[in-house]
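Each chain is listed here by its residues.
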Amino acid sequence: MNNYKATVFWRSDDAAFTRNQYSRHHIWRFDGGLEINASASPHVVPEPYSDPAAVDPEEAFIASLASCHMLWFLSIAAKKGYAVADYRDEAEGVMEKNTKGKIAITEVILHPEVTFEKDASPDQSTFDDLHHQAHEKCFIANSVKTKVRIEPVLKAGVQ
């Protein structure tokens, strides 16, 4: 069993807290020392109380699914002898009411575009299977109720 930790830190800016007029900006600290500016989404809490330049929890959720999928995909591709040259995913999430009437991210769509080295590229069927295997192994996808859809694009090999 592994344990993972993150520290979330917020401090009042002496604004009108009880009137809901306070900054949602906060810090995420991770075990390696990295600090990330975080905030409520400006789609949920309007500026100036949110910080659109900071990462919001919804973006982080989508990024963690996309990152987990990518890491598994790269691992599986490497073990099968397919040399990945480039991987890019413009992942997106849909936030709406779920079947219980609660606001939730109901679907995350991954759009991985993968370029392989010229002589080490799988065919389309194998490529799709690599993504299927990555999705099945992804710890984050296995941890959530959200539907995760993968729409991969196999790019031509590089020289």
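Residues numbered from 1 in each chain as written. Predicted model: local features only at pLDDT ≥ 70, side-chain atom pairs only at ≥ 80, totals over all residues. Heavy atoms only, no water.

Asks: Could you give an account of the sheet that holds strand β5 (residues 92-97), with specific residues and numbers?
Replies: Strand order in the open sheet formed by three strands is β5-β6-β8, and the pairing between neighbours is mixed. Of all the strands in the sheet, just β5 and β8 (147-150) have a single pairing partner and so form its edges. Strand-to-strand twist of the sheet, defined as the mean angle between neighbouring strand axes without regard to direction, takes the value 20 degrees. Along the sheet, helix α1 (residues 57-79) contacts β5, β6 (103-110) and β8; its crossing angle with β6, the most-contacted strand, is approximately 35 degrees. (Pairing = 2+ DSSP bridges. Helix = DSSP H or I, 4+ residues; strand = E, 2+ residues; numbered from the N terminus. Axes fitted to C-alpha atoms, helices over the stretch in contact; angles between N-to-C directions. Contact = heavy atoms within 4.5 Å.)

Asks: Just give me the short version of the pattern of salt bridges, but keep the residues and values in it.
Replies: Inspection of the entire model under this criterion finds six salt bridges. Here Arg88 makes a salt bridge to Glu90, at a shortest N to O gap of 2.5 Å. On the basis of relative accessible area, Glu90 is assigned to the partly exposed category, the value being 47%. Linking Lys155 and Glu113 is a salt bridge whose minimum nitrogen-to-oxygen distance equals 3.4 Å. (Salt bridge = Lys/Arg side-chain N within 4 Å of Asp/Glu carboxyl O. Buried < 20%, exposed > 50% of the residue type's maximum accessible area, 1.4 Å probe, protein only.)

Asks: Can you explain the packing of aromatic side chains? Please cite residues and give values.
Replies: On inspection of all chains with the given rule, the structure shows ten aromatic pairs. Taking the centre distance of 5.8 Å and the plane angle of 75 degrees together, the rings of Trp10 and Tyr22 count as edge-to-face. Of this pair, Trp10 sits in the loop between β1 (6-9) and β2 (26-30) while Tyr22 sits in the loop between β1 and β2, and the two are twelve residues apart along the sequence. Judged by relative accessible area, which is 18%, Tyr22 ranks as buried. Look at Phe73 and Tyr87: their rings are 5.7 Å apart centre to centre, the planes differ by 50 degrees, and that puts the pair in the tilted class. Of this pair, Phe73 sits in helix α1 while Tyr87 sits in strand β4 (residues 84-89), placing them 14 residues apart in sequence. Judged by its relative accessible area of 0%, Phe73 falls in the buried class. Using a relative accessible area of 14% as the deciding quantity, one classes Tyr87 as buried. One aromatic cluster is present, formed by Phe73, Tyr82, Tyr87, Phe116 and Phe127 through successive ring pairs. (Phe/Tyr/Trp six-rings, centres within 6.5 Å; stacked < 30°, edge-to-face > 60°.)

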